[in-house]
Amino acid sequence: MELTAVNNPQVKAAAELKLKKHRQQRGLFLAEGLRTVEEAVAAKQAESIFYTAIEDDRTRAALEEAAAQQVKLTCVSDAVLKKIADTETPQGIIAVCRMQSTSMDQLLAKGKMLLVLDRVGDPGNVGTMLRTADAAGIGGLVLLKGSVDIYAPKTVRSSMGSLFHVPVLAGVGEEDFIESAHSAGYELLVTCLDGADNLYKADLHGRLAFVMGNEANGVSRGLLAAADKRVYIPMAGRAESLNVAMAAGIVMFEALRQSL
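Residues numbered from 1 in each chain as written. Predicted model: local features only at pLDDT ≥ 70, side-chain atom pairs only at ≥ 80, totals over all residues. Heavy atoms only, no water.

Details of the overall build of the protein
Stated formally: Only runs of H or I of at least four residues qualify as helices and only runs of E of at least two qualify as strands under DSSP, and these elements are numbered from the N terminus. Restricting the calculation to C-alpha atoms gives the radius of gyration, and the globule rule supplies 2.2 Å times the number of residues raised to the power 0.38. Throughout, a residue-residue contact means that at least one pair of heavy atoms, one from each residue, lies within 4.5 Å. The method behind every accessible area is Shrake-Rupley, applied with a 1.4 Å probe, and residues are considered shielded solely by the protein chains displayed. A residue counts as positive if it is Lys or Arg and as negative if it is Asp or Glu; His and the chain ends are not included. Charge positions come from single atoms, namely NZ of Lys, CZ of Arg, CG of Asp or CD of Glu.
A count of helices and strands for the protein gives 11 helices and 11 strands. Its C-alpha atoms give the protein a radius of gyration of 20 Å, within 12% of the compact-globule value 18 Å for 260 residues. When its C-alpha atoms are laid out on the principal axes, the protein stretches across 65 × 40 × 35 Å. Intrachain contacts of the protein at a sequence separation of at least 6 include 79% that bridge at least 24 residues. Counting every atom, the protein has about 12,600 Å² of accessible surface; 48% of that belongs to carbon and sulfur. Taking the average location of the 28 positive side-chain charges in the protein and that of its 31 negative ones, the two points are 2 Å from each other.

What follows is the structure in structure tokens.
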């Protein structure tokens, strides 16, 4: 039976997850689109799924796998799906997902390279960096206080499912992170111009935490002072700077290149 009432309590509760306060209160977030829902189901983080008429085998397979996990499935009208969705033209399927449970100790114990975001404010940038970190084999993402919500709908969409692959820890204090990372044997690497080495001549082996700063102001003074390595990305053209997500990708893939 198709659910058509946009004021249904179940629908209203899901739609509320577009707001940060409700996500934080309930530990849940929305994942829109078939690709992202597939990843949520594969990671066993989906709690419920809303979908419109099934028109393809991929959607059917995702729903069958979700049903096997006892995920609650609800067929809804286009109007109901639009009520829940953050996008203007929903793709036909949305999952309500449980947030990750990861601690700083768990992240640092892996010994893998980390991506650290300092007050990065654009959801698209954060999602793109998470997706890139996933592709580069980075061990986890740390969002320091002041960064955008990793579970915001646009961030989730931009990550293209990588939110379900990479451990994420959000809301970490700067001083706490610096102390914990150094205690665990990590070196902090920041991109800047002052006193920095050419990225392509820097040693990017070992336990490194790549710190990327705010789009307008870069990394904080405290992180600059605590940095063990400073690098700059050489540029041949006349552009003044790179988008932070692009810069992060260059740094992470240079580390991957050096490890091959």
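Focus: helix α7 (residues 123-136)
Formally: Helix span, expected: 1.5 Å multiplied by one less than the number of residues in the helix. Only protein chains enter the area calculation, which uses a 1.4 Å probe; residues under 20% of their type maximum are buried, those over 50% are exposed, and those in between are partly exposed. Within 3.5 Å is the distance limit for a polar contact, defined as a pair of N or O atoms, with the added protein rule that one can donate a hydrogen and the other accept it, and that residues adjacent in sequence qualify only through two side-chain atoms.
For α7, spanning 14 residues, the distance from its first C-alpha to its last is 20 Å, which sits close to the expected 20 Å at 1.5 Å a residue. Residues Gly-124, Asn-125, Val-126, Gly-127, Met-129, Leu-130, Thr-132, Ala-133 and Ala-136 constitute the buried set of α7. For α7, the N-terminal capping position is held by Asp-122, with its side-chain oxygen 2.9 Å away from the main-chain nitrogen of Gly-124. Gly-137 sits one or two residues past α7 and shows a positive phi near 80°.

A word on the packing of helix α3 (residues 34-42) against helix α4 (residues 57-68)
If you want to describe how two helices pack, look at the angle between their axes and the distance between the axes. To be explicit about the condition: To get an axis, a line is fitted to the C-alpha atoms, and for a helix only the part in contact is used. The angle between two axes follows their N-to-C directions and goes from 0 to 180 degrees. In these notes the angle categories are as follows: under 35 degrees is roughly parallel, over 145 is roughly antiparallel, 65 to 115 is roughly perpendicular, and the rest is oblique. Crossings are classed by handedness, with left-handed meaning an anticlockwise turn of the near helix from the far one by less than a right angle and right-handed meaning a clockwise turn. Charged means Asp, Glu, Lys or Arg here, nonpolar means Ala, Val, Leu, Ile, Met, Phe, Trp, Tyr, Cys or Pro, and polar covers whatever is left, Gly included.
The contact between α3 and α4 brings their axes to 10 Å, and the two run at 25°. With respect to α4, the element α3 is oriented roughly parallel. α3 and α4 meet at a crossing whose hand is left-handed. Seen from α3, the contacting residues are Leu-34, Arg-35, Glu-38 and Val-41; seen from α4, they are Arg-58, Thr-59, Ala-62, Glu-65 and Ala-66. Across the contact of α3 with α4, the residue classes tally to 4 nonpolar, 1 polar and 4 charged.

Some thoughts on the packing of aromatic side chains
Two numbers describe a pair of aromatic rings. These are the distance of the centres and the angle of the planes. For the record, the criterion: The pairing test for Phe, Tyr and Trp rings, Trp by its six-membered ring, is centres within 6.5 Å, and the orientation test on the planes gives stacked under 30 degrees, edge-to-face over 60, and tilted for anything in between.
Tallied over the entire structure, the rule returns 2 aromatic pairs. Seen in terms of ring centroids, Phe-29 and Tyr-151 are 4.6 Å apart; in terms of plane orientation they differ by 40°. Their pairing is tilted. Highlighted residues: Phe-29 in strand β1 (residues 28-32) and Tyr-151 in the loop between β6 (140-144) and α8 (153-159), separated in sequence by 122 residues. We classify Tyr-151 as buried; its relative accessible area is 7%. Both rings, one in Phe-29 and one in Phe-164, keep their centres 5.9 Å apart while their planes meet at 25°; by these two values the pair is stacked. Taken together, the residues span a long stretch of sequence, with Phe-29 in strand β1 and Phe-164 in the loop between α8 and β7 (168-172) at a distance of 135 residues. Residue classification places Phe-164 among the buried positions, given a relative accessible area of 8%. Among the aromatic side chains, those forming a connected cluster through ring pairs are Phe-29, Tyr-151 and Phe-164.

Focus: the pattern of salt bridges
Between side chains of opposite charge, a pair can form when the charged atoms approach closely. Filter applied, for reference: Salt bridges are counted wherever a side-chain nitrogen of Lys or Arg sits within 4 Å of a carboxyl oxygen of Asp or Glu.
Following the criterion strictly, the structure yields 9 salt bridges and no others. Measuring nitrogen to oxygen at the nearest pair gives 2.9 Å for the salt bridge that ties Asp-118 to Arg-119.

Some details on unusual backbone geometry
With a phi angle near 60°, Lys-44 is a residue other than glycine that sits in the positive phi range. As for its position among the elements, Lys-44 is in the loop between α3 and β2 (46-51). In this structure Lys-44 comes out as exposed when scored by relative accessible area, which is 53%. A positive phi angle, near 65°, is found at Gln-70, a position not held by glycine.

Section: the sheet that holds strand β3 (residues 72-75)
Let me state the cut-off plainly: Only strands that DSSP links by at least two bridges are regarded as paired with each other.
Pairing within the open sheet is mixed, and its 4 strands lie in the order β1-β4-β2-β3. In this open sheet, the two edge strands, each paired with only one partner strand, are β1 and β3. If you compare each strand with its neighbour and ignore which way they point, the axes differ by 20° on average. Here β2 runs beside strand β4 (residues 93-98); their pairing, made up of 5 bridges, is antiparallel. Within β4, the residue paired with Phe-50 across the bridge is Ile-94. Packed onto the sheet, α3 meets β1, β2 and β4 and runs at close to 35° relative to β4.

Describing the nonpolar core
To keep it simple, the criterion reads: In this text, buried Ala, Val, Leu, Ile, Met, Phe, Trp, Tyr and Cys residues form a nonpolar core when linked through side-chain atoms within 4.5 Å.
Counting 52 residues, the largest nonpolar core has Ile-49, Leu-115, Leu-117, Ile-150 and Phe-210 as its most contacted members. Tallying contributions element by element places helix α11 (residues 244-259) first for this core, with 7 residues. Ignoring anything within four residues of it in the chain, the contact list for Leu-115 reads Met-129, Ala-133, Ile-138, Gly-140, Leu-141, Val-142, Phe-210, Met-212 and Met-252. In this structure, Val-142, Phe-177, Ile-178 and Leu-223 belong to the second largest nonpolar core, which totals 23 residues.

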